[in-house]
Amino acid sequence: RSDQNGQLQRLLPAVADVRQEDVFRELQVPRFQSAWTNMVVAHNAYNSRPRRDQEVCSAVFDALESVAKEVFSMPTATFGDVIKEARSKQSFEPMTLLVLDKLYALANGNFRHGMTEPFKLKPSEIEFVYLTCIGGMLMFIRA
């Protein structure tokens, strides 16, 4: 679809599109400025032609990490440290934290500064990372 500026936007399923809009709305507070900036980069990379897949994944995960660190007041921690803190406080269901642990491993191995191989995620995996990070941000914000 075209946005208000005539730029093409990729269509997400309606439910996912609503969650994406929720994230943008929820991040519009000063404490989430860094996450907002990363989410804008991720969204722009997602909608670019051709889509900039590694940038999508890296920026949306950085947004997730930024939100988690802000919510837990751990500005210098890693995402792994935040997950450990969430586990110790029993903030979320253990299996949810396990999923976040695995997402963190996926990020470090495939598209963040610690990646061990060239970027090679498939288009469907890009969607998975993008939407999972959006869901994670909402989970942390609304906890």
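These numbers were taken from a predicted model, which means no experiment stands behind them.

Caption draft 1: Spatial organisation of the environment of E70. Secondary-structure assignment places E70 in helix α3 (residues 53-71). Between the C-alpha atom of E70 and that of R52, which follows or precedes it by 18 residues, the distance is 27 Å.

Caption draft 2: Quick look at the packing of aromatic side chains. On inspection of all chains with the given rule, the structure shows nine aromatic pairs. Ring centres 6.3 Å apart and planes at 70° place the aromatic pair F79 and F140 in the edge-to-face group. Residue F79 is located in helix α4 (residues 79-88), and its partner F140 is located in helix α6 (residues 123-141); the two are separated by 61 residues in the primary sequence. Of the two residues, F79 and F140, both sit in the buried class. Clustering of aromatic rings is evident, with ring pairs tying together F61, F72, F79, F92, Y104, F111 and F140.

Caption draft 3: Highlighting the packing of α3 against α6. It is at 9 Å that the axes of α3 and α6 come closest, and there the two elements cross at 15°. Put simply, α3 runs roughly parallel to α6. The element α3 and its partner α6 pack so that their crossing is left-handed. Only I126, V129, Y130, C133, G136, M137, F140 and I141 of α6 make contact with α3, whose side of the interface consists of D53, V56, C57, V60, F61, A63, L64, V67, A68 and V71. Along the lines of polarity and charge, the residues of the contact of α3 with α6 split into 16 nonpolar, one polar and one charged.

Caption draft 4: Layout of the nonpolar core. By size, the foremost hydrophobic cluster in this structure holds 44 residues, and its most contacted members are L27, M39, F61, F79, Y130, M137 and F140. For this core, the elements supplying multiple residues, two or more each, are α1 (14-26), α2 (33-47), α3, α4, α5 (94-110) and α6. Sequence-distant contacts of Y130, defined by excluding residues within four places in its chain, comprise L12, Q20, M39, A42, H43, Y46, V56 and V60.

Caption draft 5: Expanded view of unusual backbone geometry. In this chain, R49 is followed by P50 through a cis amide linkage whose omega measures -5°. In this structure, S73 is a non-glycine residue whose phi angle is positive, near 55°. Along the chain, S73 falls in the loop between α3 and α4.

Caption draft 6: How the structure looks around the environment of A68. Take A68: it is sitting in helix α3. Note: C-alpha distance between A68 and F32 (36 residues apart in sequence) is 9.9 Å. Look past the residues within four positions of A68 in its chain and what remains in contact with it is F79, V82 and F140.

Caption draft 7: Summary view of the pattern of salt bridges. Within the structure shown, the criterion is met by 12 salt bridges. We note a salt bridge from D22 to R19, for which the minimum N-O separation is 2.9 Å. Separated by three residues within a single helix, D22 and R19 lie in helix α1, roughly one turn from each other. Note on D22: relative accessible area 6%, which makes it buried. Assessed through its relative accessible area of 34%, R19 is described here as partly exposed.

The rules behind the values
Residues numbered from 1 in each chain as written. Predicted model: local features only at pLDDT ≥ 70, side-chain atom pairs only at ≥ 80, totals over all residues. Heavy atoms only, no water. Helix = DSSP H or I, 4+ residues; strand = E, 2+ residues; numbered from the N terminus. Phe/Tyr/Trp six-rings, centres within 6.5 Å; stacked < 30°, edge-to-face > 60°. Buried < 20%, exposed > 50% of the residue type's maximum accessible area, 1.4 Å probe, protein only. Axes fitted to C-alpha atoms, helices over the stretch in contact; angles between N-to-C directions. Parallel < 35°, antiparallel > 145°, perpendicular 65-115°, else oblique. Left-handed = near helix turned anticlockwise from the far one by under 90°. Contact = heavy atoms within 4.5 Å. Nonpolar A, V, L, I, M, F, W, Y, C, P; charged D, E, K, R; others polar. Core = buried A, V, L, I, M, F, W, Y, C linked by side-chain atoms within 4.5 Å. Salt bridge = Lys/Arg side-chain N within 4 Å of Asp/Glu carboxyl O.

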